Amino acid sequence: MKKVVILHITLMIVSLMIVSCSSQPKNPGDIYVLRNQAEKELDVGNREAGRGNFEAALLILNECKRKAVLTDDPGLLIRSGLSRGNVLFSLDSRDEAFSEWEQSIALAQKYEDRELLSVSRIYNARGKLISNSGSAQSALDEVNREAGNIKSNQLFVAFSWHVKGLALRQLGSYRDAEDAIKRSLDIHEKNMYLENASYDWYVIASIRSLAGNTQGALQALESAVAIDRRIENSWGLAAGWRATGDVYRKTGKAQEARDAYQRAIAIYKAIGNEHEAAEAEKRMNN
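Starting from 1, residues in each chain are numbered consecutively following that chain's sequence as written. Where local features are concerned, this predicted model is filtered to residues with pLDDT of at least 70; where side-chain atom pairs are given and counted, the filter is 80 or more; whole-chain, interface and lining totals use all residues. With hydrogens and water set aside, each side-chain value is computed from the structure's full complement of heavy atoms.

### Brief notes about the pattern of salt bridges
Link 1 in the chain: Salt bridges are defined as contacts in which a side-chain nitrogen from Lys or Arg sits within 4 Å of a carboxyl oxygen from Asp or Glu. According to the stated counting rule, one finds 17 salt bridges in the structure shown.
Link 2 in the chain: For Arg79, the salt bridge goes to Glu39, with nearest N and O atoms at 2.5 Å. Here the residue Arg79 occupies a position in helix H4 (residues 74-90), and Glu39 occupies one in helix H2 (residues 33-50), the gap between them amounting to 40 residues.
Link 3 in the chain: Here Glu39 falls in the partly exposed class, since its relative accessible area comes to 33%.
Link 4 in the chain: Its salt-bridge partner being Arg47, residue Glu195 comes within 3.2 Å of it at the nearest N-O pair. Pair noted here: Glu195 is in helix H10 (residues 194-210) and Arg47 is in helix H2, with a separation of 148 residues, a long-range link.
Link 5 in the chain: Judged by relative accessible area, Glu195 falls into the buried class, the value being 7%.
Link 6 in the chain: Its relative accessible area of 27% is what places Arg47 among the partly exposed residues. The helix count covers DSSP runs of H or I at least four residues long, the strand count covers runs of E at least two residues long, and both are numbered beginning at the N terminus. Burial here depends on accessible area, computed with a 1.4 Å probe over protein chains only, as a share of the maximum for the residue type. Under 20% is buried, over 50% is exposed, and the range in between is partly exposed.

Shown next, in the form of C-alpha cells:
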C-alpha cells in the first residue's frame with residue numbers, strides 16, 4: 001500500500017512538471033514592438049502631411065525617427081528621414097529638408113540598400129526641382145536612372161512616376177507628364193492612399209491647364225475635390241477650390257472664379273488658416 005501511495009505521488013509530481021513546462025511562454029524570438037509602432041507612426045505622419053497638417057505630421061515623424069534610432073533599424077531610419085524631409089520642406093525649412101534627404105542617401109549607401117538609395121536620390125531631385133535649385137532635365141534624368149531599382153514598395157514606385165510627371169510638366173511635355181502622373185494615380189487608388197490620389201488629380205489639372213485644356217483641368221479638379229470630400233480632407237478641398245478659381249479666372253469666367261474662391265476661403269478660415277484664406281481672397285479680387 002505504501003509503495004502504491006509513493007508511486008501515485010511520484011506520478012503527480014511528474015504530471016505537474018509536464019504541465020508547468022508546457023504552460024511556460026515560448027521564447028518570442030525577434031521583438032518588433034517599437035518597430036511596429038514606428039511603422040504605424042510613419043503611415044499616420046505621411047497621411048497627416050497629405051492633409052496639410054504639417055506641424056502635427058512633424059511631431060509624429062519625430063517620434064517615428066526616435067524609435068528608428070532606438071531600434072537601430074537602417075531601413076526605418078531612411079524612410080522616416082525621407083518623410084520628415086518632405087514635411088520640413090513644406091514648412092519652408094528647406095536646408096533641414098535637404099539635410100534629411102542627404103543623410104538618407106548616405107545611410108542607404110552605407111548599408112548597400114539599392115532601392116532606398118534610389119528613392120532617396122529621387123526625393124533629393126524632387127526637392128531641387130520644386131525649389132528651382134536644379135533643372136527639370138536633371139530631375140528627369142535622375143528618375144530615369146534610378147526608377148528601375150524601385151520595385152518592392154509600391155508607394156515609392158508611385159513616387160518615382162509622380163516626380164517624372166513633375167519634371168515632364170516643367171519641360172512642357174504635357175502628354176507624357178499626364179501619363180506619368182496617371183501611373184502614380186493608379187497605384188494610389190488601388191492601394192487606397194486617397195490623399196495621394198487627390199494630389200495626383202490636382203497635378204493632372206495643372207498639366208491640362210498649362211496645355212490649354214481648360215475643361216479637362218476642371219474635370220480633374222472635380223475628381224480631386226470628390227476624393228477629398230470622401231476622406232474629409234479639408235486642406236485638399238480648399239486647395240482644390242482655389243485651383244478651380246484659378247482656372248476659371250484664366251478663362252475669363254469671373255463669377256465662376258469668385259464662387260470657387262469663396263468656397264476655398266470659407267474652408268481655409270474654418271480650419272484656421274488665415275494666411276491661405278488671405279491668399280485666396282487676394283486672387284479673387286485681382
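### Quick notes on helix H3 (residues 54-71)
An α-helical turn contains 3.6 residues, so any two residues separated by three or four positions project in the same direction.
Link 1 in the chain: If you check H3, its first and last C-alpha atoms are 25 Å apart, about what 18 residues at 1.5 Å a residue would give, namely 26 Å.
Link 2 in the chain: Turning to H3, its buried residues number three or more, namely Phe54, Ala57, Leu58, Leu61, Cys64, Lys65, Lys67 and Ala68. How far a helix is expected to stretch is found by multiplying one less than its residue total by 1.5 Å.

### What about the nonpolar core?
Link 1 in the chain: As used in this record, nonpolar core signifies buried Ala, Val, Leu, Ile, Met, Phe, Trp, Tyr and Cys residues forming a set joined through side-chain atoms within 4.5 Å. Core analysis: the largest hydrophobic core is formed by 34 residues, its most contacted members being Leu82, Val87, Trp101, Tyr123 and Phe156.
Link 2 in the chain: Looking at this core, the elements that each hand over two or more residues are H2, H3, H4, helix H5 (94-110), helix H6 (114-130) and helix H8 (154-170).
Link 3 in the chain: Here the element with the most residues in this core is H4; it accounts for seven residues.
Link 4 in the chain: Here a residue-residue contact requires only that any non-hydrogen atoms of the pair lie within 4.5 Å. Filtering out sequence-adjacent residues up to four positions away, Tyr123 remains in contact with Leu82, Asn86, Trp101, Phe156 and Phe159.

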